[in-house]
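Descriptive structure summary
Letter by letter, the chains look like this.
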Amino acid sequence: MSSISSPSNKASHRTHNPPLQNYSASKVSAAVSQGCNYFQSNQQVGSNDYPHRYNNYEGFDFRVAGPYQEFPIKTSGVYTGGKFSFVENYRVWMRTRS
């Protein structure tokens, strides 16, 4: 898996609008690494079974073709399971290598 950049387009029909957050490169890297480790181990965690296939219901435009997996990024720590709150956290997208 490899990380990809943020989507270039935000859809207006999103059902949740969390406050804007800034994440350091190390936070993004830690979330991608954790998500890739779970994916490569064929393991999912939490109430939404992360990482899981990202279907792009939001209609984002990505610079790299999918398929993608999504995994939470938190303001503190790394997601290891439990309930995921979109108000406090976002998701990172990872492209599955062919």
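Residues numbered from 1 in each chain as written. Predicted model: local features only at pLDDT ≥ 70, side-chain atom pairs only at ≥ 80, totals over all residues. Heavy atoms only, no water.

What about the packing of aromatic side chains?
One pass over the structure, following the stated rule, counts six aromatic pairs. Ring centres of Y54 and F62 lie 6.0 Å apart, and the angle between their planes is 90°; this geometry places the pair in the edge-to-face category. You'll find Y54 and F62 in the same group, each marked buried. Ring centres of F60 and F62 lie 6.3 Å apart, and the angle between their planes is 85°; this geometry places the pair in the edge-to-face category. F62 carries the same exposure label as F60, and that label is buried. Within the aromatic cluster, the residues linked to one another by ring pairs are Y38, Y50, F71 and Y79. (Phe/Tyr/Trp six-rings, centres within 6.5 Å; stacked < 30°, edge-to-face > 60°. Buried < 20%, exposed > 50% of the residue type's maximum accessible area, 1.4 Å probe, protein only.)

Observations concerning the nonpolar core
By size, the foremost hydrophobic cluster in this structure holds eleven residues: A31, V32, C36, Y38, V45, Y50, F71, I73, Y79, Y90 and V92. Residue assignment for this core shows that the elements contributing at least two residues are helix 1 (25–40), strand 3 (68–73) and strand 4 (90–95). Ranked by residues supplied to this core, first place goes to helix 1 with four residues. Apart from residues lying up to four places away in sequence, A31 is in contact with F71, P72, I73 and V92. One finds Y54, F60, F62 and Y68 within the second-largest nonpolar core, a separate group that totals five residues. (Core = buried A, V, L, I, M, F, W, Y, C linked by side-chain atoms within 4.5 Å. Helix = DSSP H or I, 4+ residues; strand = E, 2+ residues; numbered from the N terminus. Contact = heavy atoms within 4.5 Å.)

Re the pairing of strand 3
Here strand 3 lies mainly inside the structure; six of its six residues are buried. Across the two faces of strand 3 the burial is the same, with Y68, E70 and P72 and Q69, F71 and I73 all buried. As paired elements, strand 2 (residues 52–54) and strand 3 share three bridges and run antiparallel to each other. Paired with Y54 across the bridge in strand 3 is Y68. (Pairing = 2+ DSSP bridges.)

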